[in-house]
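What follows is each chain in one-letter form.
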Amino acid sequence: MRHNEGQGPVRTQATIALLASIAIGLAGCGSSTGGSADQSDEVKIAGLWPLSGSNATQGNDVLHGAELAVEVVNGVYDLDLPLAREAGLPGLGGAKLSLVTGDTQGKPEVGASEVDRLVTGGGITAVVGSYQSGVTLTASQRAERLGVPFVNGESSSTALTQRGLKWFFRTGPSDETFATTMFDYLAARKQRGDQISSVGILHTNDQYGNDGTTVTKKLAAERGLQVTADVSFEPTAADLGSQVTQVRAKQPDVLFVLAYTDAAIKLMKTFQQLDYYPPALLAYGAGFSDPAFLTGTGAISNGAASRAAWATEIADKRTSAKTIAELFQKKYNAPMTENSARSFTAMLALAQAINDAKSTKPDAVREALSVLKVPSDQTIMPWDGIAFDDKGQNIQAHGVVQQLIDGKYRVVFPPEYATTEAVWPMTKAQSK
Amino acid sequence: MTDLAQAVVNGILIGAVFALVAVGLTLIYGVMDIVNFAHGEMLMLGMYSSFFAWSLFGLDPLVSLPMTGLAIALTGALMYYGVIARVLGKSPLAQIIATFGVQVFLRGLAQFLWTPDTRTVTGPWADDLRIRVAGVVIGGPQLIMAIGAVVTTGAVALFMNRTRTGGAIRAAGEDPSAASLMGINPQRMYALAWVIAGAATGVAGGLLMNGYSSSPTAGVTFVLMAFVVVALGGFGSIAGAAVAGLLVGVAQGVVGLYAPSYTLAAALALYLLVVLVRPQGLLGTR
């Protein structure tokens, strides 16, 4: 006698219900993003920048640059820039870019853990970031281990592209490129009769400062210039009087400076207090590019020069740059800077690579990045274009030299982008 | 030789400022055994108060000092009644976490309210001064900050050591139950300690705006030195903070001349040296 005869239909129903729910669950899983979702209509990019901490101003500015690029790609704009005229990525059926942000707090270890968190969370095609070279260093190392492309626009330390990493790409110039531009500028000034035989370096004691110093010394040796002063300061130093006194004692013809905003302001005030200015001051951007530096120092910083990857005056020479700069100003109520211009460009280059790869698989995107070729007029930068060497560096990137004259930065070198003559020595720009 | 003299003078001037910044910290610890990890943020708020008094009302940082002092005195009271009173007598870990939490909160609040942008007072009155003595240049801002710091530190020391209320605060700090037997209300004295520490810190912030810039993380630079100064001078001793501040300032200035990347190491090395010989600090009592 089969005493479980009555349970037959119930058990069958239960089994069917169970199988049905498993089937529905699997169907649901199929459309959520996994590590390599080819059919997703959203391409997720992780963006890591210092959104809090002492470089939060720059971090937010850079984030805005990347955000604007995402908007340009996703929307339809009448611009002579890649992917602007179509909505989304045509190579992926109009898929839209989606930026997932993480806050590095300006700390290398947090940058690395943020990469971990976002990438292992799933669905990330590539990572962009992270402004400070020290943070980009660790974050990109983590990305390398996780096998995800890391595209950097605005960190300039040369060490970043000397590591032989396969997954790291830098669209922007390195400090070596910037230094080359600055030394070319010095050569041009020497030809005009300015005295240039000794060089001093005043720098913040971190990755950016120390790498920049190494590169400056290397180029100085190559160009036959003597480095007579190499003075560093703690990033949190409250007083820079001793450091400036040291520099003054050595009387260099040109002083290279690497400093973030607070130190840059403090430095100019110390120069004024001690009534000493070098004949020429060439900064490696950072603090000197911060608008708060201009408002904070006013007339006492006239004559200081800085390398820049981009300047608003470039916008006047290129229509797409002008439009983008205007869009940026309108959207964020702040001018585009060389940092946001670089992050904009990095994001756009990444989008192009993903589009070329027609895939969101990290491997395919990496391959596409390594062979990416963007002509100069398809960027908003004063570059020859975008093309990466085998170390991941864009060898067609350049810098310009701009000098503070009457409270505004004016491009003074190279001649094809210059809008005015340089003022030498810098004290001449002060006495107006 | 002038360079060395310049470095020493710079060191003394900044050292006086370190001392004033440390006063609030050492006062709180001396009275209540609490390390205020939000001290740097109180300083930062003082700097912002001074900045906004200038940018909104055109007040020179020196003129707005009373306002700034008052603003942070109120902040101190708020912190006491809002946070500290609730962790008094609880585990030290709870107290540390509480003040650390306030630090994180205040930094985030500052960035949220005022953006992370660096704010500078341009052209303060102090800027127009410059004194030259035997080849050493003393800038107006540095001098004003140092004088203000010395005066304020002296005022706090005088108050704490020479007035009845100051004595009452110290009594409450030493033995709350004995103090209450003498008619002193310990809680009120604690709150008063926070008010005075706040006032001193607010004035420090206002003085700093003569030569420095404010931002949400502006407290970091000075609070690091404040902790070194407090530990070196002895926890709870205002006179100790004054001496230690000058020592740290001069040490940094001189080391900065010969080995500029070691200025922080110099301050910490000095601390290590003193603490090995005298663990309670220069003028500390515990």
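Predicted model, so just to flag it, every value in this text is computed and none were measured.

## Here we look at the overall build of chain B
Secondary structure assignment for chain B yields eleven helices and four strands. Radius of gyration (C-alpha) of chain B: 19 Å, near the 19 Å computed for a compact globule of 286 residues. Overall size of chain B, expressed as C-alpha extent along the three principal axes, is 60 × 50 × 35 Å. A total of 286 residues make up chain B; the buried ones form 56% of that total.

## What about the overall build of chain A?
On a plain count of helices and strands, chain A comes out with 13 helices and 14 strands. Residues classed as buried in chain A amount to 58% of the 432 residues present. Expressed as a percentage of contacts within chain A between residues at least 6 apart in sequence, the contacts between residues at least 24 apart total 68%.

## Observations concerning the domain arrangement of chain A
Residues and elements named next belong to chain A. Once the domains are mapped, chain A shows domain 1 (42-173 + 314-387) and domain 2 (176-308 + 400-429). For domain 1 versus domain 2, the distance between C-alpha centres works out to 28 Å. Every contact between the two is made by 18 residues of domain 1 and, on the other side, 16 residues of domain 2. Those elements that place two or more of their residues in the side of domain 1 that touches domain 2 are α2 (56-74), α4 (133-146) and α12 (338-357).

## Section: the environment of B:G183
Residues and elements named next belong to chain B. With respect to the secondary-structure elements, G183 resides in the loop between α7 (176-181) and α8 (186-208). With 7 C-beta atoms counted inside 10 Å, the residue G183 sits in the exposed group. Here the alpha-carbon distance between G183 and L56, two residues 127 residues apart in the chain, equals 45 Å.

## Things to note about the interface of chain B and chain A
Accessible area lost during the coming together of the parts is what is often quoted as the interface size. Opposite the 29 residues of chain B that make contact, chain A presents 32 residues. For the side of chain B that touches chain A, the elements supplying multiple residues, two or more each, are α1 (2-32), β3 (136-139), α9 (219-233), α10 (238-258) and α11 (263-277) of chain B. Taken together, the residues of the side of chain B that touches chain A sort by class into eleven nonpolar, 16 polar and two charged.

## A word on the environment of A:P375
Turning to its location among the elements, A:P375 is positioned in strand β11 (residues 373-375). Residues A:P375 and A:I386, spaced eleven residues apart in sequence, show a C-alpha to C-alpha distance of 6.6 Å.

## Quick look at the confidence of the model for chain B
Chain-level pLDDT for chain B is 91 on average; 100% of the residues reach the 70-or-more range. On the interface metric, ipTM, the complex scores 0.82, and its pTM is 0.81.

## Details of the sheet that holds strand β1 (residues 42-49) of chain A
All names here are of chain A. Here five strands make up an open sheet; going across it, the order is β2-β1-β3-β4-β5 and the pairing parallel. Two strands lie at the open edges of the sheet, namely β2 (96-103) and β5 (168-170), each paired on one side alone. Neighbouring strand axes in the sheet, compared pairwise and without regard to direction, differ in orientation by 25 degrees on average. Here α12 sits on the sheet and contacts β1, β2, β3 (124-129) and β4 (150-152); the angle it forms with β3, its principal contact strand, is near 160 degrees.

## Quick look at the confidence of the model for chain A
Residues and elements named next belong to chain A. Across chain A, the average pLDDT comes to 89, with 91% of residues at or above 70. Low pLDDT, under 50, characterises residues 1-6; the stretch is placed with zero contacts to residues that sit more than four places away or in other chains. A low-confidence stretch, residues 25-39 (pLDDT under 50), is modelled with eleven contacts involving residues beyond four sequence positions or located in other chains.

## Quick word on α1(B)
Residues and elements named next belong to chain B. Over its 31 residues, α1 runs 45 Å from end to end, which matches the ideal 45 Å to within 8%, given 1.5 Å per residue. Counting buried residues in α1 gives 25 out of 31 residues, a clear majority hidden from the surface. Following α1 by one or two positions, D33 has its phi on the positive side, about 60 degrees.

## Here we look at the sheet that holds strand β9 (residues 280-283) of chain A
Residue and element names in this part refer to chain A. Taken in spatial order, the seven strands of this open sheet run β7-β6-β8-β9-β10-β13-β14, and their pairing is mixed. Edge positions in the sheet fall to β7 (226-233) and β14 (408-413), since each has one partner strand and no second. In this sheet, neighbouring strand axes are inclined to one another by 25 degrees on average, regardless of whether the strands run parallel or antiparallel. Note that strand β10 (residues 305-308) and strand β13 (residues 400-405) share four bridges and pair antiparallel. Across the sheet, R307 pairs through a bridge with V401, a residue of β13.

About the thresholds
- Residues numbered from 1 in each chain as written.
- Chains lettered and ligands numbered in written order.
- Predicted model: local features only at pLDDT ≥ 70, side-chain atom pairs only at ≥ 80, totals over all residues.
- Helix = DSSP H or I, 4+ residues; strand = E, 2+ residues; numbered from the N terminus.
- Rg over C-alpha atoms; globule rule 2.2 N^0.38 Å.
- Buried ≥ 20, exposed ≤ 12 C-beta atoms within 10 Å, placed from the backbone.
- Contact = placed C-beta atoms within 7 Å.
- Domains from an automatic or database assignment.
- Nonpolar A, V, L, I, M, F, W, Y, C, P; charged D, E, K, R; others polar.
- pLDDT = per-residue confidence, 0-100.
- Pairing = 2+ DSSP bridges.
- Axes fitted to C-alpha atoms, helices over the stretch in contact; angles between N-to-C directions.
- Expected span 1.5 Å × (residues − 1).

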